[in-house]
Amino acid sequence: MIWLRSFGFASLVVIVAAWLYRYLSPAFAFAVLVLALLVVVGYQGSFVARLTAWANLPRNRPLPIGWGIWTPLIERLNRFSRQQQATVAELSSELEHIHAAVDRLPDGLVLLDRYDHVSWSNQAAQSLHGIFGTQRPVHHFIRQPEFAEMLQRRGGGTQTQRLHLSNQPGRIFELQLHETDAEHRLLITRDVTDQAKLDAVRSDFVANVSHEIRTPATVIAGFAETLLSLDLDDNARREYLSAILRQSETMGRLVGDLLLLASLERTVDRLDESPIDLKPLLESLVYEARALSGSRHTIGFEFEGPPRLLAVPAEIESAVRNLLTNAVRYTPDGGTITLSWRARDDEGWLAVRDTGIGISVEHLPRITERFYRVDRSRSRDTGGTGLGLAIVKRIANRHHASLRIDSEPGKGSLFTLRFPARRLLADQAAAVPGEIAEGAAI
C-alpha cells in the first residue's frame, strides 16, 4: 500500500511533466519536476524533524500528522502512545493508592539514601519526627545519641532501638533500621508503649510468683530438714508438721488462684450464663465466712434486691467468697462484716462492708493489681495470695459490672459489685439465657 501511494504520486508528477514538455517547453517541464522533488524532500525533512522532536519529549508534545508513506507509521505510533498513556495512568493511580495506604499506616516509614538523607517519608513519620522536605539528614530530626550510634553501624542487618521521643511524652517507640540495598535503608518507627507495659507486667508477674512461692517453699524445706535432723518430742514434731501444712495450704491457694485468674483471662468466648438464685448462694457463703471467722467477728446478711441474677454461678461465688475472705482476714477481732444485695439506680449492688483496718487513698488505684499488697507481712500472716481482688475485678469485667472500692484507714472498707439492669431477674420467667420474658428484668 505504501509503495502504491508513492508510485501513484510519482506517476502523476511524470504525467504533468510530460504534458508540459510536449505542449510548452522542456525547461518548464524540468522546473516542475525539480519543484515537485523539492516539495517532497522538504516535507519529508520537516516531518522527520517534528517526529524527532516528539520522540525526545513524547509526553509534552502531540504526535505530528503525516501522510503518504508515513501514514502507517503514524497510526502505529498513535496506537503505541495511547497504550503507553493508559499504562502510565494505571500505574500512577496504583501508586497514588499505595501512597495513600502507606500514609494511613500508624507506623512511621522513612526511606534513607546512602548518606542517611531523607528520600521519602509518610505522614506518620512526619508527625512523629517533625520531618519536612527531602534530602535532609535524618539526624536533624531524630537527635537522640542512641539513634546516632545506630545510624553509624552498617552491614549488620536489621537494628532495633527503643526510644522516648521529645514530642511524644509518656510514649515508648521502637525504631527499626533495615538494610534494603547498598544505596538505601528503611527506618520504621512503631509505638510499643502498650507492649512495653505488657512486658513489664509479665516480668513483674513472674518475679512476684517466684517470690510468693519461694517463701512457703523455704519454710517447708526448713521444717522438713529440722524434722529429719533432730530428735524432737511429739509436741514439737506436731508443731513443725502444722507449720508445714499451713505453708502447703498457702501454696495450694496460690496455685489455685493463679489457675483461676489464668482461666478468666484466657476465656474470650460467650459466658456460660444462667439465672442464679442469689439468696441460697449468698447464705452459704456467709456460713463459710462465719466458719472462717470462728466467732471472732459479727457477720450479717441483708437481702433486699431481685431474687435472681443472670451470670456465671461459679464466678459470682468466687468473687463473693474472695471479698468475704478478705474482710475476715483484715478485720480485727470483734469487728463487723456485712454482705448485702439490693437494687440501686437501676443496678444490682452486691456489697461487702467491714470495720477493718481500711486502705489509704494512695493504694486504691492499684489495689486490684495482681500481687499488690498494702502490707505484705500482714497479708502473708493471714494466708492471702495477693490475687483475690484481681480475680474479683476480672469477674466484674466479664459480667459488664463495675467494682467500686470505698475505704478509710481505721474505719473499714466497702467493696461493691454493680451489675447492669439487664442481669437482674425479678421472677422465674427467665429459665435460660436468651429466653427472658418481657418485664422479667428490673
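What comes next concerns the included structure. Note that this is a predicted model, so its numbers are computed, not measured.

### Some details on the packing of aromatic side chains
Alright, step 1. Tallied over the full model, the rule gives 3 aromatic pairs.
Alright, step 2. Where Phe301 meets Phe303, the ring centres are 6.1 Å apart and the plane angle is 55°; that geometry is what we call tilted.
Alright, step 3. Relative to Phe419, the ring of Trp341 lies with its centre 6.5 Å away and its plane at 65°, an arrangement referred to as edge-to-face. Residue Trp341 is located in strand E9 (residues 336–344), and its partner Phe419 is located in strand E12 (residues 412–419); the two are separated by 78 residues in the primary sequence. Per residue, the accessibility class of Trp341 equals that of Phe419, and both read buried.

### Topic: the pattern of salt bridges
Alright, step 1. Tallied over the full model, the rule gives 17 salt bridges.
Alright, step 2. Here Asp116 and Arg185 are joined by a salt bridge, their closest N and O atoms 2.9 Å apart. Within this pair, whereas Asp116 is found in the loop between strand E1 (108–112) and strand E2 (118–121), its partner Arg185 is found in strand E5 (residues 185–191), the two being separated by 69 residues in sequence.
Alright, step 3. For Asp406, the salt bridge is made with Arg404, and the minimal N-O distance between the two is 3.0 Å.
Alright, step 4. On the accessibility criterion, Asp406 (29% relative accessible area) is partly exposed.

### Looking at the sheet that holds strand E13 (residues 424–425)
Alright, step 1. Across the sheet, which stays open at both edges, the 3 strands sit in the order E6-E8-E13 with antiparallel pairing between neighbours. The open sheet has two free edges, formed respectively by strand E6 (274–277) and E13, since each of these has just one partner strand.
Alright, step 2. Summarising the sheet, strand E8 (residues 308–311) and E13 pair through 2 bridges and their orientation is antiparallel. The partner of Leu309 across the bridge, within E13, is Leu424.

### As for the side chain of Ser340
Alright, step 1. With respect to the element layout, Ser340 can be found in strand E9.
Alright, step 2. Here the side chain of Ser340 touches Arg342 through a polar contact of 3.2 Å, side chain to side chain.
Alright, step 3. Residue contacts for Ser340: discarding those within four places in its chain leaves Glu302, Trp349, Leu350 and Ala351.

### Things to note about the nonpolar core
Alright, step 1. Leu417 and Phe419 are the most contacted members of the largest nonpolar core, which totals 44 residues.
Alright, step 2. Considering every element that reaches this core, the biggest residue donor is helix H9 (residues 313–330), with 7 residues.
Alright, step 3. Beyond its immediate chain neighbours, meaning those up to four positions away, Leu417 contacts Ala319, Leu323, Gly348, Trp349, Leu350, Val392, Ala396, Ser402 and Leu403.
Alright, step 4. Grouped together as the second largest cluster of nonpolar side chains are 18 residues, Val118, Met150, Phe173 and Leu175 included.

### Some remarks on the sheet that holds strand E7 (residues 298–303)
Alright, step 1. Ordered in space as E7-E9-E10-E12-E11, the 5 strands form an open sheet in which the pairing is mixed. The outermost strands of the open sheet, each flanked by one partner alone, are E7 and strand E11 (402–408). Averaged over all adjacent pairs, the angle separating strand axes in this sheet is 15°, with direction ignored.
Alright, step 2. Summarising the sheet, E11 and E12 pair through 7 bridges and their orientation is antiparallel. By the bridge assignment for E12, Ser402 is matched with Arg418.

### Considerations on unusual backbone geometry
A negative phi angle is the norm for most residues apart from glycine, just as the trans form is the norm for most peptide bonds.
Alright, step 1. Notably, Gln135 is not glycine yet its phi reads approximately 60°, a positive angle.
Alright, step 2. For Gln135, the location among the structural elements is in the loop between helix H4 (123–129) and helix H5 (145–152).
Alright, step 3. The backbone phi angle of Ser295 is positive, close to 65°, even though this residue is not glycine.
Alright, step 4. By the secondary structure assignment, Ser295 is in the loop between helix H8 (278–293) and E7.

### Structural notes on the pairing of E11
Alright, step 1. Burial of E11 is one-sided: the residues Leu403, Ile405 and Ser407 facing one way are buried, the residues Ser402, Arg404, Asp406 and Glu408 facing the other way are not.
Alright, step 2. Where E11 folds back onto E12 in an antiparallel hairpin, the turn is made up of 3 residues, including Gly410, whose phi is positive at roughly 85°.

### Digging into the pairing of E9
Alright, step 1. Sheet topology places E7 next to E9; 6 bridges connect them, and they run parallel. Note on E9: the bridge partner recorded for Phe301 is Leu339.
Alright, step 2. In this structure, E9 lies alongside strand E10 (residues 347–354), joined through 8 bridges in antiparallel fashion. Note that in E10 the partner of Leu339 across the bridge is Val352.

### With respect to helix H11 (residues 388–398)
Alright, step 1. Burial runs high along H11: 8 of the 11 residues are buried.
Alright, step 2. For H11, the full list of buried residues reads Gly388, Leu389, Ala390, Ile391, Val392, Ile395, Ala396 and Arg398.
Alright, step 3. Just beyond H11, the residue with positive phi is His400, at close to 55°.

### Thoughts on the packing of H8 against H9
The packing of two helices is summarised by the inter-axis angle and the distance between the axes.
Alright, step 1. It is at 10 Å that the axes of H8 and H9 come closest, and there the two elements cross at 30°. On the basis of the axis angle, H8 is roughly parallel to H9. You can see that H8 and H9 cross each other, and the crossing is right-handed. Across the interface between the two elements, Leu281, Leu282, Leu285, Val286, Glu288, Ala289, Leu292 and Ser293 of H8 pack against Ile316, Glu317, Val320, Arg321, Leu324, Thr325 and Val328 of H9.
Alright, step 2. Among the residues making up the contact of H8 with H9, the classes are represented as 10 nonpolar, 2 polar and 3 charged.

Thresholds, definitions, all that
- Residues numbered from 1 in each chain as written.
- Predicted model: local features only at pLDDT ≥ 70, side-chain atom pairs only at ≥ 80, totals over all residues.
- Heavy atoms only, no water.
- Phe/Tyr/Trp six-rings, centres within 6.5 Å; stacked < 30°, edge-to-face > 60°.
- Helix = DSSP H or I, 4+ residues; strand = E, 2+ residues; numbered from the N terminus.
- Buried < 20%, exposed > 50% of the residue type's maximum accessible area, 1.4 Å probe, protein only.
- Salt bridge = Lys/Arg side-chain N within 4 Å of Asp/Glu carboxyl O.
- Pairing = 2+ DSSP bridges.
- Polar contact = N/O pair within 3.5 Å; in protein donor to acceptor, adjacent residues only side chain to side chain.
- Contact = heavy atoms within 4.5 Å.
- Core = buried A, V, L, I, M, F, W, Y, C linked by side-chain atoms within 4.5 Å.
- Axes fitted to C-alpha atoms, helices over the stretch in contact; angles between N-to-C directions.
- Parallel < 35°, antiparallel > 145°, perpendicular 65-115°, else oblique.
- Left-handed = near helix turned anticlockwise from the far one by under 90°.
- Nonpolar A, V, L, I, M, F, W, Y, C, P; charged D, E, K, R; others polar.

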